[in-house]
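Analysis of the macromolecular model
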Amino acid sequence: KQKMVELLPLLPVLEQFREDSRLIVLLKDEVRNLSGNLLALQEEMGAYDYEELQQRLLLLEARLHGCLQKLGCGKLTGVSNPITIRASGSRFGSWMTDTVTPSSDSRVWYMDGYSRGRRVLEFRSLADFAAGQNFVQHLLPQPWAGTGHVVFNGSLFYNKFRSDVAVKYHLGSRSVLAQRSLPGAGFNNTFPYSWGGSSDIDFMADESGLWAVYATNRNAGNIVLSRVDPQSLEVLRSWDTGFPKRSAGEAFIICGTLYVTNSHLAGAKIYFAYHTATSSYEYTDIPFHNQYSHISMLDYNPRERLLYTWNNGHQVLYNVTLLHVV
């Protein structure tokens, strides 16, 4: 009887597995339908003009993206032990891969320091980055502030030094495509993370797009999470999370949920989660092994499902465990 009691909590998990299995079958059918539609499009090429074909293709892409999101998104339940890729640079900095491009693009970008830097190193692959070889240099037209940079679909998004301005720098053409102020955002160490370092504005990406984390005087220094248009840098929608930004060690976003650590030092854990889908929050207790005791950058890459971290002059990766909510 005791053994049966111990097994009872598994029943909803098994039921969820059955639901997931049914979902995968539906997704397979949807992919088969997409393939059929594509073949039909190829046969009808002569009957449509270019604009109509393009619209139909965009609809198909949106449906396929919806399938991938249903299959891939979930709630964060665990973070692996750290995987150290390299030890280089100063105590503070950031490194990243593109969050959108195909897996064949394995370039790595490296930005040492948190203040007034303009030099971005682009490595050909993760192996080249680990070895410190085969790289080119970008010299940004405006210096950056903080370490909250992100590469999204071929462009680097960063906070311009001593300003509330977001900058979009296209890595291919080596030119600034857009820049815009974030309304009311604190800057120059007004509302940084707990470690300081002009980390007032933090750009990040998840499965649904580009985001910015910052704080304003109007919301008393609590974390504001904003969806940002990657073309114009216009703020599309914002959420006031109610969590004081100066009390946060770092933050990252997965599947529309912002996760916040309670410290940048040893003993940190993922302590708070804000869900944009329901505009609600919860306190969490997810262990986070801070091996080198000082994190100054933490970002999720939805393409690789990895956390990228700059930890006291070490460039570190973490795997994440995502589960569907039962």
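Note that residues are indexed from 1 along each chain, following the sequence as it is written. Given that the model is predicted, a residue must reach a pLDDT of at least 70 before its local features are reported, and side-chain atom pairs must reach 80 or more before they are shown or counted; all residues, however, enter totals for whole chains, interfaces and linings. The basis for every side-chain value is the complete set of non-hydrogen atoms in the structure, without hydrogens or water.

Side note on empty space enclosed by the protein
Summary: where empty space remains is shown by rolling a probe the size of a single water molecule over the atoms. A cavity here means a set of points on a 1 Å grid, drawn over the protein atoms and nothing else, where a 1.4 Å probe fits but cannot get out; a pocket is an open set with protein on both sides within 12 Å along at least five of seven lines, and a residue lines either one if it has an atom within 4 Å of a point. Grid points are joined across faces, edges and corners, and a volume is the space filled by probe spheres set on the points. Under the definition given, this model contains 2 cavities of 30 Å³ or more. Here the largest cavity defines a volume of roughly 70 Å³. Every residue lining the largest cavity is counted, 13 residues in all, and those nearest its centre are Met96, Thr99, Val150, Asp299 and Tyr300. Elements with a minimum of two residues in the lining of the largest cavity: strand 3 (93–96), strand 7 (144–152) and strand 19 (295–301). Split into classes, the residues belonging to the lining of the largest cavity amount to 8 nonpolar, 4 polar and 1 charged. One number sums up the size of the second largest cavity: a volume of about 40 Å³. Numbering goes from the N terminus for both helices and strands, where a helix is a DSSP run of H or I of at least four residues and a strand is a run of E of at least two. Charged means Asp, Glu, Lys or Arg here, nonpolar means Ala, Val, Leu, Ile, Met, Phe, Trp, Tyr, Cys or Pro, and polar covers whatever is left, Gly included.

What about the state of the cysteines?
Two cysteine sulfurs form what is called a disulfide whenever their separation falls within 2.5 Å. Enumeration over the complete set of coordinates arrives at 1 disulfide. Here Cys73 pairs with Cys255 through a disulfide, and the sulfurs are 2.3 Å apart. Taking the sign of the S-S torsion, about -105° here, the bridge from Cys73 to Cys255 comes out left-handed. Pair noted here: Cys73 is in the loop between helix 3 (50–72) and strand 1 (75–79) and Cys255 is in the loop between strand 15 (251–254) and strand 16 (257–261), with a separation of 182 residues, a long-range link. Cys73 gets classed as partly exposed once you look at its relative accessible area, which sits at 23%. Three labels apply to residues, based on accessible area from a 1.4 Å probe with only protein chains included: buried if under 20% of the type maximum, exposed if over 50%, partly exposed otherwise in between.

Re the pattern of salt bridges
Just to be clear on terms, a salt bridge is a Lys or Arg side-chain nitrogen sitting within 4 Å of an Asp or Glu carboxyl oxygen. Within the structure shown, the criterion is met by 8 salt bridges. For Arg303, the salt bridge goes to Glu304, with nearest N and O atoms at 3.7 Å. Residue classification places Arg303 among the partly exposed positions, given a relative accessible area of 23%. A relative accessible area of 28% means that Glu304 is categorised as partly exposed. Residues joined in a network through salt bridges with shared partners are Asp105, Arg107 and Glu122.

By themselves, these observations are geometric and do not establish any function.
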